[in-house]
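# Summary of structural features
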Amino acid sequence: MKQRLPGYCTLCRSRCGAITVVEDGRLVGVEVFNNHPTGGALCAKGRAAPEIVASPRRLTVPLKRTRPRDAADPGWVEVSWDEALTEIADRLGRIRTESGAEAVAFGVTTPSGTPMVDSFEWVERFIRGFGSPNLIYAVEICGWHKDYAHALTFGRGIGFPDYDNADAIILWGHNPARTWLAQATRIADARRRGAKVVVVDPKPNGSGQQADLWLRIRPGADGALAMGAIRHLIATGSFDADFVDQWTNGSLLVDRATGRFLRADALWPNGAPGAFVRLDASGTPVACDTRYAPERGGRLRGALSIRSRDGRMISAATAFELLAERAAPYTPSRVAELTWLDVADIDAFNALLAARPRLAYHSWTGVGQHTNATAIERAIASLYALTGACDRPGGNRWPVPPPTRPLNDYNILPPEQQAKALGIADLPLGPPTKGWITARDFSRAVLEGEPYRVRALVAFGTNFVVSQGHSERNKAALNALEFQVHVDMFMNPTAESADFVLPASTPWERDALKIGFEITQEAVETVQFRPRMVEPIGEVKADYEIAAALALKLGMGDLFFGGDIKAGWNYQLAPLGIGVEDLRDHPEGRRFPTGLPR
């Protein structure tokens with residue numbers, strides 16, 4: 001008997017709607033799910049589902065090491081789940097008692113590009129309930145710049161590009177033709193109706209081959225291109241002055257000596273505490289309370305000396321003036337020198353932005369995998385603000401999801417434990433503020449005991465030996481651990497040094513709940529339950545089942561709904577007034593409109 005079961009692919013960020021074909025209990029194919037908000041295409045990865053499920057290389061039973069880590073043969077032996085989970089829980093609990101929960105680090109593979117999307121909230125709930133602030137996530141080499149460094153400038157992440165209504169599209173270090181087909185399809189449709197596509201990437205393969213303007217940029221020089229475009233928009237007056245006046249800090253005064261915004265109570269005896277100072281239309285400094293509705297009519301350009309309450313003379317300039325000064329050296333010829341681009345291409349890029357199109361853009365690892373990624377993204381975000389396209393039709397929109405409850409609230413972790421995250425002293429605005437640590441800081445803590453010794457690692461799927469820099473150091477750190485556990489579908493270099501390797505199921509062998517997709521507001525409003533499509537092979541378990549089982553053995557039954565995964569999903573869905581069983585009756589997914597434009 002042949003069945004066609006609706007669902008979605010989990011193997012990359014696209015989450016393409018997919019129809020899984022099952023015949024006599026075997027997964028035999030995957031087809032496009034055209035009516036899904038992320039449907040319309042499937043890449044080779046998604047179509048490889050039958051080979052993944054049936055691979056003879058899959059892990060199928062829990063394995064325990066019986067020989068030292070430096071032995072040529074680890075001496076793997078098969079053990080029962082209860083034996084493995086009991087010993088793992090005992091070892092983790094003992095380390096927590098002796099050295100604190102921070103002495104146990106965790107690793108989780110990216111939910112953007114792996115089946116971990118089915119389980120990452122459950123795993124993070126377990127980690128935070130256990131009490132550890134140390135989770136290796138690799139976000140610092142992937143999405144930190146666009147989601148969080150962007151928020152340092154905008155207050156929000158990059159959002160989703162409204163390709164359907166855009167006049168121009170910039171793909172900045174982003175190649176959706178290879179990595180995000182739901183985006184690539186919409187971009188191709190937009191180009192057919194006349195939208196101009198710019199690709200900033202050293203390589204043309206993929207999206208660059210369909211670009212109207214391909215900028216073959218020098219790796220790491222993206223910030224210079226952005227600063228040059230900022231200079232051009234300011235010099236020609238072709239930026240959106242109304243937007244910048246109303247929605248940015250451009251007219252606020254900055255103390256040149258300190259780099260901090262001036263405060264009204266530092267200038268005037270009756271100045272409101274906390275109020276900023278801006279230039280009004282006449283160029284006069286006035287108090288400005290940014291907590292309320294944005295004010296219009298400020299002067300963006302301006303510099304002056306102003307006396308403080310204590311009689312000190314302050315050299316001040318508006319934030320916009322400082323941006324103009326910083327961008328001034330980035331002439332087309334200087335940008336060409338720094339980026340290796342032709343001046344003609346730089347001029348064409350600047351002219352496109354100066355035309356004030358409805359502009360959508362996205363950046364990803366082409367920017368994120370540089371040491372200056374945060375600075376680059378902040379320059380790009382500042383440039384984008386000058387265009388005035390953000391959160392408008394045809395620009396980047398900030399989605400509003402329907403109300404649900406998260407499982408992985410960071411505040412499950414007590415503040416005193418949050419403060420112990422490795423690297424937080426050096427990166428106070430970086431990933432450690434969310435409990436996401438770098439491989440560098442993990443390895444230092446293991447090998448050098450700085451700032452404290454990390455004794456164990458429990459990893460769900462991540463392979464940080466080869467996916468993050470300095471493989472030799474990462475491998476040495478693993479070999480120096482007292483205890484290591486790895487959960488995965490296949491053996492890999494990170495798993496090879498573990499004391500226990502636990503077999504994870506593939507997406508098609510487990511139930512899953514997806515609250516919100518990406519790419520459009522309609523997708524964000526879609527909630528879908530994906531049922532198990534084939535029986536699991538061997539003794540594999542879902543990552544969320546493993547996390548829940550360990551939680552119960554470590555005394556976290558209340559936090560984990562007594563081990564009832566369905567109860568956890570219903571907890572998430574409760575604000576919508578539905579439960580998992582309601583979604584089973586709608587295998588295509590249900591949409592919960594928020595009233596925002598699609």
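Residues numbered from 1 in each chain as written. Predicted model: local features only at pLDDT ≥ 70, side-chain atom pairs only at ≥ 80, totals over all residues. Heavy atoms only, no water.

## Details of the overall build of the protein
Of regular secondary structure, the protein possesses 23 helices and 25 strands. Since a compact globule built from 598 residues should have a radius of gyration of about 25 Å, the 26 Å found for the protein is in line with a globular shape. For the protein, the C-alpha atoms occupy an extent of roughly 75 × 55 × 50 Å along the three principal directions. Every one of the 598 residues in the protein was classed for burial, and the buried ones make up 55%. Summing over all exposed atoms, the protein offers an accessible surface of approximately 24800 Å²; the carbon and sulfur share of this is 50%. For the protein, the separation between the mean place of its 68 positive charges and that of its 68 negative charges on side chains is 3 Å. (Helix = DSSP H or I, 4+ residues; strand = E, 2+ residues; numbered from the N terminus. Rg over C-alpha atoms; globule rule 2.2 N^0.38 Å. Buried < 20%, exposed > 50% of the residue type's maximum accessible area, 1.4 Å probe, protein only. Areas by Shrake-Rupley, 256 points an atom, 1.4 Å probe, with all protein chains shown as cover. Lys, Arg positive; Asp, Glu negative; His and termini not counted. Charge placed at Lys NZ, Arg CZ, Asp CG, Glu CD.)

## Brief notes about helix H12 (residues 332-339)
For H12, the set of buried residues is Val-335, Ala-336 and Thr-339. Seen from one end, H12 has its buried residues packed into an arc of 105°, which puts them on one side. Set apart from the buried face of H12 by more than 90 degrees, the exposed residues are Ser-333 and Glu-337. Looking at the buried residues of H12, the elements they touch are helix H8 (222-236) and helix H13 (343-354). (Arc of directions from axis to C-beta. Contact = heavy atoms within 4.5 Å.)

## Describing unusual backbone geometry
Residues Glu-450 and Pro-451 are joined by a peptide bond in cis, for which omega reads -5°. The phi torsion at Ile-519 lies on the positive side, around 95°, for a residue other than glycine. Within the secondary structure, Ile-519 is located in the loop between strand E23 (512-515) and helix H20 (521-524). Exposure remark for Ile-519: the relative accessible area of 3% places this residue in the buried category. We note that Phe-561 has phi near 55°; this positive angle belongs to a residue other than glycine. Mapping Phe-561 onto the fold places it in the loop between helix H21 (543-553) and helix H22 (565-573). Since its relative accessible area comes to 23%, Phe-561 is described here as partly exposed.

## Comments concerning the sheet that holds strand E9 (residues 168-172)
One open sheet accounts for four strands, arranged E11-E10-E9-E17; its pairing is parallel. Every other strand in the sheet has two partners, leaving strand E11 (213-215) and strand E17 (359-363) as the edge strands with one partner each. With direction set aside, neighbouring strand axes in the sheet form an average angle of 10°. Here E9 pairs with E17 via five bridges, running parallel. When the bridges of E17 are listed, Trp-172 appears paired with Ser-363. Docked against the sheet, helix H15 (residues 373-387) engages E9 and E17, running at close to 175° with respect to E17. (Pairing = 2+ DSSP bridges. Axes fitted to C-alpha atoms, helices over the stretch in contact; angles between N-to-C directions.)

## What about the pattern of salt bridges?
Counted by the stated rule, this structure contains 34 salt bridges. Between Asp-255 and Arg-312 there is a salt bridge, with the nearest N and O atoms lying 3.9 Å from each other. With Asp-255 in strand E12 (residues 253-255) and Arg-312 in the loop between strand E15 (303-307) and strand E16 (313-318), this pair connects stretches of sequence that are 57 residues apart. In this structure Asp-255 comes out as buried when scored by relative accessible area, which is 7%. One network of salt bridges, with partners in common, ties together Asp-511, Lys-566, Glu-581 and Arg-584. (Salt bridge = Lys/Arg side-chain N within 4 Å of Asp/Glu carboxyl O.)

## Notes on the pairing of E16
Across three bridges, E12 lies against E16 in antiparallel orientation. Counted as the bridge partner of Val-254 is Ala-317 from E16. One ladder, built from five bridges, connects E15 with E16; its direction is antiparallel. Counterpart to Ile-306 in the pairing with E16 is Ile-314. Between the antiparallel neighbours E15 and E16 lie five residues, among them Gly-311 with a positive phi of about 90°.

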